[in-house]
Amino acid sequence: MNAPPYRGRFAPSPTGPLHFGSLLAAIGSYADARAQQGGWLVRIEDLDRNRAVAGADCAILSTLEAFGLDWDETVVYQSQRRALYQAALEQLRESGLSYPCACTRREIAARGLQGPEGPIYPGTCRAGLPPNRSPRSERLRVADMELSVPDAVQGGIVQHLAREVGDLVLRRADGFYAYQLAVVVDDAEQGITQVVRGADLLASTPRQVYLQRCLGLPRPAYAHLPLVLGDDGRKLSKSLAAAPVDPSNPLPALERAWRLLGQTPLAEPPSDVETFWQQAIPSWDPSRVPSGPHRLGSRQTGAADRHAPAPQ
């Protein structure tokens, strides 16, 4: 049986202009797709309208175009796909895999054990809502099992969802569908076969794979690219150093991202974006992508650094 055609995607949130860390993820995702003659889609993850910045989606798309990142098919917006998420939620309800939850964040913090990413939900509402309480959110019942997911760059991740995360939120108290549910539904509906994205989402991957199993959806292959850190050691999107990239002068950022992705220098200095991609796509080598993060101003990292300790 032949494997399905390669379909990749880039899924930015419209919370501001595109910064270098997101650009690096977009470049890696695009290069991987085009090097394999695959499709590359763009999805705007604007489900949480409280965080979306007016006009940021157009600015992001314009920046992608300036950097030669041409996408296939119509750009998809999560805010227009709520019916798909609701259908998935109803499927989980009918299967007995979800339940209403009345707990507040303060209650969870007070009762839950501390996990790697915060308080672990203690299962207060698993057997039913407490007396005189109304549902606030909806959660997924996770099994008492360890889940291992291979990753082409990071080597993979092993997570015990029940012990490390607890039952996942599917619909939040504010009425928005949770990111984990939306991204799983979107990837399946769009036929995504390869997810190439930033390593900040590596810990989310087992949750998404578990949801795929619960919904009977196919699992794409995963590759999580190294993060770019600010001088303060924080993820660039959360750092004061996260200045937007300059779409009027894309070549320096393209070449810098190429180096940070561990790729061999191009044979000839490109004169424009088009000649950059003409050389870059045939030479793309995913095995050279390093696993560790980069600080701004750090040296070039290549394949030899794949298993080196992350900068402290």
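Calculation rules
- Counting restarts for each chain, with residues numbered from 1 along the sequence as it is written.
- Totals for whole chains, interfaces and linings use every residue, but because this is a predicted model, local features are given only for residues with pLDDT of at least 70 and side-chain atom pairs only at 80 or more, for both listing and counting.
- In computing side-chain values, all of the structure's heavy atoms are included and hydrogens and water are not.
- The secondary structure listing takes helices from DSSP runs of H or I that are at least 4 residues long and strands from runs of E that are at least 2 residues long, numbered from the N terminus.
- Only protein chains enter the accessibility calculation, which uses a 1.4 Å probe; a residue is then buried when its area is under 20% of its type maximum, exposed when over 50%, and partly exposed in between.
- Throughout, a contact is declared for two residues whenever any of their heavy atoms are within 4.5 Å.
- Here a strand pair is declared whenever DSSP counts at least two bridges between the two strands.
- As a rule, the C-alpha atoms of each element are fitted with a line to give its axis, helices using only the stretch in contact, and angles between N-to-C directions run from 0 to 180 degrees.
- We call two directions roughly parallel when the angle between them is under 35 degrees, roughly antiparallel when it is over 145, roughly perpendicular when it lies between 65 and 115, and oblique otherwise.
- It is the rotation of the near helix from the far one that decides the hand of a crossing: anticlockwise by less than a right angle makes it left-handed, clockwise makes it right-handed.
- Asp, Glu, Lys and Arg are counted as charged, while Ala, Val, Leu, Ile, Met, Phe, Trp, Tyr, Cys and Pro are counted as nonpolar; the rest, among them Gly, fall into the polar class.

K.L.:
What is the right way to look at the environment of V149 in this model?
P.N.:
In this fold, V149 is placed in strand β8 (residues 146-149). For V149, a relative accessible area of 2% gives the class buried. With 10 residues separating them in the primary sequence, V149 and Q159 have C-alpha atoms 8.6 Å apart. In contact with V149, other than residues within four places in its own chain, are G156, I157, T205, P206, V209 and Y222.

K.L.:
Looking at this structure, I do not really get the sheet that holds strand β10 (residues 168-171). What am I missing?
P.N.:
Strand pairing in a sheet is mediated by backbone hydrogen bonds. Such pairs are either parallel or antiparallel. Within the open sheet, the three strands sit side by side as β4-β7-β10. Their pairing is antiparallel. Edge positions in the sheet fall to β4 (98-101) and β10, since each has one partner strand and no second. Neighbour-to-neighbour, the strand axes of this sheet turn through a mean angle of 40°, independent of strand direction. Taken strand by strand, helix α3 (residues 82-94) contacts β4, β7 (137-140) and β10, and its axis lies near 125° from that of β10.

K.L.:
Could you clarify how one ought to interpret the packing of helix α6 (residues 179-189) against helix α7 (residues 205-215) in this entry?
P.N.:
The description of two packed helices rests on the angle between their axes and on the distance between the axes. Two numbers describe how α6 lies on α7: the axes approach to 9 Å, and their chain directions differ by 60°. Overall, the two elements α6 and α7 adopt an arrangement that is oblique. In this structure, α6 crosses over α7, and the sense of that crossing is right-handed. Residues Y179, Q180, L181, V183 and V184 of α6 touch α7, and the partners they reach there are R207, Q208, L211, Q212 and L215. Among the residues making up the contact of α6 with α7, the classes are represented as six nonpolar, three polar and one charged.

K.L.:
Would you explain the pairing of strand β12 (residues 221-225) in this entry?
P.N.:
Across a regular strand the side chains alternate sides, sitting on one face of the sheet and then on the other. Taken across its five residues, β12 has four buried, putting it largely inside the fold. Pairing geometry for strand β11 (residues 194-198) and β12, over five bridges, is parallel. Paired with G198 across the strands is L225, a residue of β12.

K.L.:
Help me understand unusual backbone geometry, please; the structure alone is not making it clear to me.
P.N.:
For residues besides glycine, phi is generally negative; the peptide bonds are generally trans as well. Backbone geometry places Q37, a non-glycine residue, at a positive phi of 55°. By secondary structure assignment, the location of Q37 is in the loop between α1 (20-35) and β2 (39-44). Its relative accessible area of 72% is what places Q37 among the exposed residues. You will see that E73, though not glycine, has its phi angle at about 70°, which is positive. Its place among the elements puts E73 in the loop between α2 (56-66) and β3 (76-77). Here E73 falls in the partly exposed class, since its relative accessible area comes to 48%.

Structural measurements only, silent on function.
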